[in-house]
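Residue-level listing of the chains:
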Amino acid sequence: MRNMNSNSGSKARFALGLCLLAGASSCASLAPARADETCNSPFMTGLIKGQEQYLHVWTLGEKGVGDESDKLVTIDVIPGSPTYGKMIHTLSVGGRGEAHHMGFTDDRKYLWAGRLDDNKIFIFDVGSDPSTPKLVKTIDDLAESTGFVGPHTFYALPGRVLVQALSNKLDHGGMTGLITYNNAGDLVAATPMPLDNGGDGYGYDIAINPGRNRMLTSSFTGWTNYMMDMSQLIQDSSAMKNFGNTMVMWDLKAMKPEKVFSVPGAPLEIRWALKPGADWAITAGALTSKLYLVKEDDKHQWQAKAVADIGDPSKIPLPVDISISSDASSLWVNTFMDGTARLFDLTNPEAPKQVYSKKIGAQVNMVSQSWDGKRVYFTSSLLANWDKKGVDNEQFLKGYSWDGKELKEDFVVDFHKEGLGRAHHMKFTARSQKAESN
Amino acid sequence: MTARRMKTKGAFAPFAAFSLALTLASAPVWGAQTATPTVSNLPAPGTYALQRIQRVPDAQLLDADDRPTALAVATRGAITALAFFYGHCVDPAGCPVAWSAFEALQKEAASDPLLRDRLRLVFVSLDPAHDTPTVMRLLQKSENAETLPPWRFLTSRSQSDLAPLLASMGQDIGFETDATGRPTGVVNHMLKVFLIDPEGWAREIYTTAFLSPDNLINDARTLAMAHPEASNRNEAR
């Protein structure tokens with residue numbers, strides 16, 4: 001095919017020039033974001049490069065805590081606000097269904113949030129007034145309509161939301177698939193994870209590089225394992241075999257698997273480097289405690305390889321969420337078991353080096369950083385049955401400032417004292433579009 | 001990640017700059033650069049299927065001759081690329097990207113037997129107050145020739161007439177105001193282009209990160225292969 005990217009817009013400019021001569025005023029559309037706050041879909045608009053104003057926490061209801069229901073908790077993170085660092089709104093959705101992850105639609109007006117146990121997907125309006133999200137729709141037929149269960153990752157495509165499921169309704173194992181909904185919540189397609197050419201059928205996260213028409217997926221485990229008590233799970237040698245060991249490179253346009261990589265030990269969150277020209281992605285293997293790099297080799301073949309240990313793998317620190325800096329120079333890696341945030345220097349992605357660490361709490365799972373990397377937020381819950389017990393079951397949101405050398409705690413929201421539950425996934429919003437896209 | 005925008009110099013910059021000098025003292029730099037995304041590794045046309053994303057709703061609009069027309073008249077029966085725009089948008093990451101992509105698509109399709117008689121282009125204005133049928137007629141005249149697939153320019157009587165269509169298509173907009181609350185003329189919107197099959201299904205949606213001319217024409221060819229009956233010769237009635 002001929003390359004058609006040469007600008008042939010002279011006639012258009014002539015036409016628009018006529019309009020200008022006719023007296024029309026200046027204009028600008030919202031500049032679409034090439035990436036969100038370092039981890040979201042590049043198809044999404046409204047990138048917050050400045051100060052985020054609200055932080056939404058998808059929170060698991062916990063028995064004996066508040067109303068015991070799963071809920072969307074909104075925290076004011078506007079510096080100087082009288083309610084800075086405090087919960088300003090909660091929206092309970094009823095029941096406990098293993099609330100887990102969230103994702104925006106392409107216009108950032110709606111936030112989709114899933115539950116891994118009862119498979120419900122809640123769609124919140126966060127565009128009308130982000131300080132007070134409203135539930136506008138619930139999708140409750142995922143299992144019946146697709147055969148897949150455990151809606152995990154929500155990833156914006158233009159006009160659609162791509163959902164990575166974790167399991168299936170037949171055997172509750174790890175074989176699963178991808179589900180495409182349109183923005184109205186209507187089912188568009190269901191795509192099974194590959195079982196051939198080395199594929200194990202498992203799924204976990206989604207990350208897209210639109211300029212290369214490539215999508216990466218990773219792999220975790222099925223319902224039987226993620227709903228099992230962790231202490232029971234790790235003593236069950238048979239169950240411990242049921243974890244994903246692959247990543248898949250897809251042709252995004254065709255939604256067809258291109259290549260399956262062997263990535264042992266449940267590779268979880270995937271982050272493409274956002275720096276122009278840096279066509280590589282990184283992930284962390286939960287059970288192997290390693291960082292894996294996905295990059296083209298000298299023959300332009302995509303490969304995945306281990307590039308660094310995370311802590312001491314023999315102690316199984318259990319790396320969980322990761323957050324890459326917008327210039328792809330560093331990566332936050334949380335290790336759940338020791339409650340520690342670790343910063344890796346990614347200047348050479350072939351050889352990441354840990355350059356900083358700080359204990360955040362008795363347990364820590366999710367991490368989200370602002371676009372400029374100056375603010376870093378942490379939450380505590382992994383899964384209801386995998387969280388620690390007793391006094392170690394700390395449940396919090398903690399906000400920190402990062403000056404390049406040290407994390408300085410700015411605020412803490414104790415989710416138990418506030419009667420909220422288990423704090424899991426975080427997303428940012430801002431009230432004005434102008435503030436969002438500066 | 002690979003740079004997804006190839007900056008290209010606007011061919012009509014001198015005229016545009018002159019226009020601006022005449023009309024606006026504080027306007028954005030017109031025509032300086034247009035952000036054109038690139039998408040590589042696309043599959044060959046016809047080797048993949050495009051999803052049926054959503055039905056395109058019908059709407060009562062105005063054509064370039066100030067006649068009421070249903071949107072379906074301009075979309076059904078053909079392979080249609082549709083974008084929402086407004087005539088005085090100059091954001092290099094906004095409407096000009098769609099203009100550039102549509103011009104490239106139109107030019108490529110003109111010499112492609114698969115698309116020449118099957119493809120139709122449609123622009124629908126987001127700003128009926130400024131984009132009158134008279135303006136639409138000027139634009140339509142400038143973008144059409146016997147040798148090219150047709151490019152229709154549609155507007156509406158009012159913003160309220162247009163609103164249901166925008167809501168159904170997920171095309172969120174906002175009119176910017178200055179400190180005194182007066183409209184600045186800027187229509188904030190997320191650039192979206194819709195590729196529609198002859199039966200009225202949106203089969204692909206492109207935002208800036210995915211709106212490369214190669215990507216658009218690849219998909220148009222794929223749809224044309226699946227719909228040999230498509231025709232741009234007669235608009236549906």
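About the thresholds
- Residues numbered from 1 in each chain as written.
- Chains lettered and ligands numbered in written order.
- Predicted model: local features only at pLDDT ≥ 70, side-chain atom pairs only at ≥ 80, totals over all residues.
- Heavy atoms only, no water.
- Helix = DSSP H or I, 4+ residues; strand = E, 2+ residues; numbered from the N terminus.
- Expected span 1.5 Å × (residues − 1).
- Buried < 20%, exposed > 50% of the residue type's maximum accessible area, 1.4 Å probe, protein only.
- 1 Å grid on protein atoms, 1.4 Å probe; cavity = no way out; pocket = protein on both sides within 12 Å on 5 of 7 lines; lining within 4 Å.
- Points joined across faces, edges and corners; volume = space filled by probe spheres on them.
- Nonpolar A, V, L, I, M, F, W, Y, C, P; charged D, E, K, R; others polar.
- Axes fitted to C-alpha atoms, helices over the stretch in contact; angles between N-to-C directions.
- Parallel < 35°, antiparallel > 145°, perpendicular 65-115°, else oblique.
- Left-handed = near helix turned anticlockwise from the far one by under 90°.
- Contact = heavy atoms within 4.5 Å.
- Arc of directions from axis to C-beta.
- Pairing = 2+ DSSP bridges.

The next subject is helix 3 (residues 95-110) of chain B. Over its 16 residues, helix 3 of chain B extends 22 Å from the first C-alpha to the last, a length consistent with the 22 Å expected when each residue adds 1.5 Å. Among the 16 residues that make up helix 3 of chain B, 15 are buried, leaving the element largely enclosed by the rest of the structure.

Residue and element names in this part refer to chain A. One pass over the structure, following the stated rule, counts seven cavities of 30 Å³ or more. Its boundaries defined by the atoms lining it, the largest cavity holds a volume of some 230 Å³. Forming the walls of the largest cavity are 24 residues, and the residues nearest its centre are C39, N40, M102, H425 and K427. Those elements that place two or more of their residues in the lining of the largest cavity are strand 4 (99-104), strand 8 (148-157), strand 16 (267-272), strand 24 (367-369) and strand 28 (422-429). Element by element, the count of residues in the lining of the largest cavity is highest for strand 8, at five residues. Broken down by class, the residue content of the lining of the largest cavity amounts to eleven nonpolar, eight polar and five charged. Taken as a whole, the second largest cavity holds about 130 Å³ of empty space.

The next subject is the packing of helix 3 of chain B against helix 6 (residues 213-226) of chain B. For any two helices packed against each other, one specifies the crossing angle of their axes together with the interaxial distance. Residue and element names in this part refer to chain B. Axis separation between helix 3 and helix 6 bottoms out at 9 Å; the angle between their running directions is 45°. If you check the angle between helix 3 and helix 6, you find them oblique. Once helix 3 is placed against helix 6, the crossing between them reads as right-handed. For the pair formed by helix 3 and helix 6, the contact residues are A101, F102, A104, L105, E108 and A109 on the first element and P213, L216, I217 and R221 on the second.

What follows concerns the layout of surface pockets. Reported here for the largest pocket is a volume of approximately 530 Å³. D107 and Y110 of chain A together with L166, A167 and G170 of chain B are, among the 25 residues lining the largest pocket, the residues nearest its centre. Elements that contribute at least two residues to the lining of the largest pocket include exactly strand 6 (121-125) and strand 7 (134-139) of chain A together with helix 5 (159-169) of chain B. With six residues, the single largest contributor to the lining of the largest pocket is helix 5 of chain B. When the residues that make up the lining of the largest pocket are grouped by side-chain class, the tally is nine nonpolar, nine polar and seven charged.

Take helix 5 of chain B next. All names here are of chain B. All buried positions along helix 5 are accounted for by L162, L165, L166 and M169. Along the axis of helix 5, the buried positions cluster into a sector of 100°, meaning they face one direction only. Facing away from the buried side of helix 5 by more than 90 degrees, the exposed set consists of S160, P164 and A167. Immediately beyond the C-terminal end of helix 5, within one or two residues, lies G170, with a positive phi of roughly 70°.

To continue, consider the sheet that holds strand 27 (residues 407-414) of chain A. Residue and element names in this part refer to chain A. Within the open sheet, the four strands sit side by side as 24-25-26-27. Their pairing is antiparallel. Each edge of the sheet is formed by a strand with only one pairing partner; in this case those strands are strand 24 and strand 27. In this sheet, adjacent strand axes meet at a mean angle of 20° when their direction is disregarded. With seven bridges joining them, strand 26 (residues 396-402) and strand 27 adopt antiparallel strand pairing. Along strand 27, the bridge assignment pairs Y400 with E409.

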